Amino acid sequence: MINCFKMFSMDSRLLEIFLNSFTRILIPGLLVTIPLTIVAFFLAMIIAVVVAIIRFANIKILKDICRFYVWIIRGTPLLVQLFFAYYGLPKLGITWTSPFICAVLVFAFNEGAYASETIRGSLNSVSEGQIEAGYCVGMSYLQIMWRIVLPQALRAAFPSLMNGLIGMVKDTSLASNITVTEMFFVTRTIVTTTYEPLLLYLEVALIYLLFSSILSKVQTVIEKKLNAQVGK
Amino acid sequence: MLEIKNLKKKYDNDYVLKDISFKVEKGDIISIIGPSGCGKTTLLRCLNFLNDSDQGQLIFDEETYDMANINKKEINEIRKKTGFVFQNYNLFLNKTALQNVTEGLIIARKMAKEEAIKIGEEMLNKVGLLDRKDYYPSQLSGGQQQRIAIARALALNPEIIYFDEPTSALDPELIGEVLEVIRQLALEKRTMIIVSHEMHFVKNISTKVIFMEDGLIVEEGGPEDIFDNPKEKRTKEFLESYRR
Ligand SMILES: Nc1ncnc2c1ncn2[C@@H]1O[C@H](COP(=O)(O)OP(=O)(O)O)[C@@H](O)[C@H]1O
Ligand SMILES: [Mg+2]
């Protein structure tokens, strides 16, 4: 601890590195990490809702395909999926115009599988009686799903889905392994020139912490709003 | 107006409805009574195709339907003419009282929003809950929820309304308000089929009473016949169990 304190107070070189690298790390954070997370998470939600409804509604064949997808994704490491997609798939003729796009799709399909399970669980928690009541007032299955069941399921799933989002922000650091120039990638490059791993990895960790904390805050605010919407 | 012929329904290999036939005329208020598990709920659910049936004919306004082989279009045709009130209300929990009532009008019937809201408010007023129109189900008592469920069914102006034990899930002090609403509908000569254990209410309100046991109609007749002069021994025994 004392060493650490000394390090910061005594050494103006370290302070300079810290300040210089702060914007160098934050900018790819804002330009790569966050867009990567937002786009991938958005796609993940679409995938998750579609997969969850297919499995909930028990649609033949499609439901087996979805189950297979979830099984594969949940059973293999994210890092392996990234490598497989970026370095492996080109051997099958699937090439990527940029590692960013590859990372977006891998994160989307990865999170989509987990989130689909969350949403499926919440769909099941909406009482069957409401679906029947929907039929009795003449609504179609899709109308009932879209207007009655899905809104309640997403509301119930919201905290878990937000956890998934916060997890994804941190997991995007794995994309540095397939040459996506996000925050962690840039931090690693800076370390190779400054030889200050302690300082710089601490610094990037703080920035991740900052992003996660903002999201947690957002989560709390939205949760309050959602609950107010159903009178709770 | 509505006739059921030889309705049969089995779960696994047990018939829970063994051979049900009866007729409903316009303005009839038919009460179905019988011990728990005798098939009352299943019967109502079959009438609205929430359950499928193994055999039976349903004749609605001169149109004959094969209950065991019915397509979606025909089901919708029938559901348009019927309302259903569930034992545990089944209100849409993400909708306000008013939205619960207008949902079917706007989404299923494609009615203009303003018109639907006008009807919705009228119906809520009828069940005495207009002042609660912006409340969510979680903010309402069971009795209030059930009255909104009745308003929801009424809004679609059905030819007949099915009630499956509308007061069984309610605390005793809330039963009266719901029965009062149903009594109001009776005064308007609404056609209804009511499953209920409120014997006093049933006797007062019904034009016809059906006593069921074990998937069969044991006896049917006017409320005086059934309650004061039951012919069947089993009817007598059942009613006696309620007098105690
Ligand atoms: N989903 C189901 N699966 C199997 N058996 C059922 C199901 N629903 C009802 N039953 C059986 O059918 C019979 C009639 O039930 P029900 O119609 O609910 O009776 P009631 O409403 O008169 O109490 C009961 O014996 C019940 O156990
Ligand atoms: Mg029942």
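Residues numbered from 1 in each chain as written. Chains lettered and ligands numbered in written order. Predicted model: local features only at pLDDT ≥ 70, side-chain atom pairs only at ≥ 80, totals over all residues. Heavy atoms only, no water.

Enquirer: Quick one: what's the story with the overall build of chain B, residue by residue and with numbers?
Expert: A count of helices and strands for chain B gives nine helices and ten strands. Computed over its C-alpha atoms, the radius of gyration of chain B comes to 18 Å, within 12% of the 18 Å expected for a compact globule of 244 residues. Each of the three principal axes of chain B carries a C-alpha extent, and together these read 55 × 45 × 35 Å. Counting the 244 residues in chain B, one finds 55% classified as buried. Here the contacts in chain B between residues at least 6 apart in sequence split such that 64% fall between residues at least 24 apart. Within the structure as shown, chain B displays about 11,200 Å² of accessible surface, and the carbon and sulfur contribution to it stands at 43%. (Helix = DSSP H or I, 4+ residues; strand = E, 2+ residues; numbered from the N terminus. Rg over C-alpha atoms; globule rule 2.2 N^0.38 Å. Buried < 20%, exposed > 50% of the residue type's maximum accessible area, 1.4 Å probe, protein only. Contact = heavy atoms within 4.5 Å. Areas by Shrake-Rupley, 256 points an atom, 1.4 Å probe, with all protein chains shown as cover.)

Enquirer: Describe helix α3 (residues 97–108) of chain B, listing the residues and the values that go with them.
Expert: The end-to-end C-alpha separation of α3 of chain B is 17 Å, in line with the 16 Å expected for twelve residues at 1.5 Å each. In terms of burial, α3 of chain B is largely enclosed, as nine of its twelve residues are buried. Taken residue by residue, α3 of chain B has A97, L98, N100, V101, T102, E103, G104, L105 and I107 of chain B as its buried positions. As for α3 of chain B, its buried residues are in contact with α7 (141–171) of chain A together with α4 (113–126) and α5 (142–155) of chain B. Positioned one or two residues after α3 of chain B, K110 of chain B has a phi angle of 60°, which is positive. (Expected span 1.5 Å × (residues − 1).)

Enquirer: Got a sec to walk through the pattern of salt bridges? Specific residues and values, please.
Expert: According to the stated counting rule, one finds 22 salt bridges over all chains in the structure shown. Note that E103 of chain B and R147 of chain A form a salt bridge whose closest N and O atoms lie 2.5 Å from each other. Taken together, the residues span two chains, with E103 of chain B in helix α3 and R147 of chain A in helix α7. Across the salt bridge formed by E213 of chain B and R234 of chain B, the nearest N and O atoms sit 2.8 Å from each other. Residue E213 of chain B is located in strand β9 (residues 208–213), and its partner R234 of chain B is located in helix α9 (residues 233–243); the two are separated by 21 residues in the primary sequence. On the basis of relative accessible area, R234 of chain B is assigned to the partly exposed category, the value being 38%. Each member of the salt-bridge network shares a partner with another, and the members are R55, R74, E117 and R120 of chain A. (Salt bridge = Lys/Arg side-chain N within 4 Å of Asp/Glu carboxyl O.)

Enquirer: Describe the nonpolar core, and please don't skip the residues or the numbers.
Expert: Grouped together as the largest cluster of nonpolar side chains are 134 residues, with contacts concentrated most on L123 of chain A together with I193 of chain B. Apart from the residues within four sequence positions on either side, I193 of chain B is in contact with F22, V24, I30, I32, L44, L47, I160, I161, Y162 and F163 of chain B. Judged by nonpolar contacts, the second largest core, of ten residues, contains I33, M199, V202 and I226 of chain B. (Core = buried A, V, L, I, M, F, W, Y, C linked by side-chain atoms within 4.5 Å.)

Enquirer: Quick rundown of α5 of chain B? Include the residues and the values.
Expert: All names here are of chain B. The end-to-end C-alpha distance of α5 is 20 Å, a good match for the 20 Å that 14 residues give at a rise of 1.5 Å each. When you tally the buried positions in α5, you get 14 out of 14 residues, the bulk of the element. Taken from the residues just after α5, N157 is the one with a positive phi, measuring 50°.

Enquirer: Now, about the sheet that holds strand β1 (residues 2–11) of chain B: what can you tell me, with residues and values included?
Expert: Strands belonging to one sheet form pairs held by backbone hydrogen bonds; the direction of such a pair is parallel or antiparallel. All names here are of chain B. If you trace the four strands from one edge of the open sheet to the other, you get β2-β1-β4-β5, paired in antiparallel fashion. Both edges of this open sheet fall to β2 (14–24) and β5 (63–66), since each of them pairs with a single strand only. For this sheet the average axis-to-axis angle between neighbouring strands, irrespective of direction, equals 20°. Where β1 and β2 come together, seven bridges link them in antiparallel fashion. Looking across to β2, one finds that L2 is bridged to V24. Together, β1, β2 and β4 (55–60) form the strand contacts of helix α1 (residues 40–47), whose direction differs from that of β2 by roughly 60°. (Pairing = 2+ DSSP bridges. Axes fitted to C-alpha atoms, helices over the stretch in contact; angles between N-to-C directions.)

Enquirer: Please provide a residue-by-residue account of unusual backbone geometry, values included.
Expert: Phi is positive for D12 of chain B, which is not a glycine, with a value near 55°. For D12 of chain B, the position within the fold is in the loop between β1 and β2.

Enquirer: I'd like a rundown of the interface of chain B and chain A, residues and numbers included.
Expert: If you look at the interface, chain B gives 23 residues, while chain A gives 20 residues. Each partner contributes to the roughly 1,900 Å² buried at the junction of chain B and chain A, and carbon and sulfur atoms together form 58% of this total. Three residues, F92, N94 and I107 of chain B, lead the burial of chain B against chain A; their summed loss comes to 27% of the area buried on that side. Put simply, chain B and chain A have two salt bridges between them. In this structure, the connection of chain B to chain A is made through seven residue pairs in polar contact (both at pLDDT 80 or more). Residue assignment for the side of chain B that touches chain A shows that the elements contributing at least two residues are β6 (82–85) and α3 of chain B. Element by element, the count of residues in the side of chain B that touches chain A is highest for α3 of chain B, at four residues. Tallied by class, residues from the side of chain B that touches chain A come to ten nonpolar, seven polar and six charged. (Buried area = accessible area lost by both parts, 1.4 Å probe. Polar contact = N/O pair within 3.5 Å; in protein donor to acceptor, adjacent residues only side chain to side chain. Nonpolar A, V, L, I, M, F, W, Y, C, P; charged D, E, K, R; others polar.)

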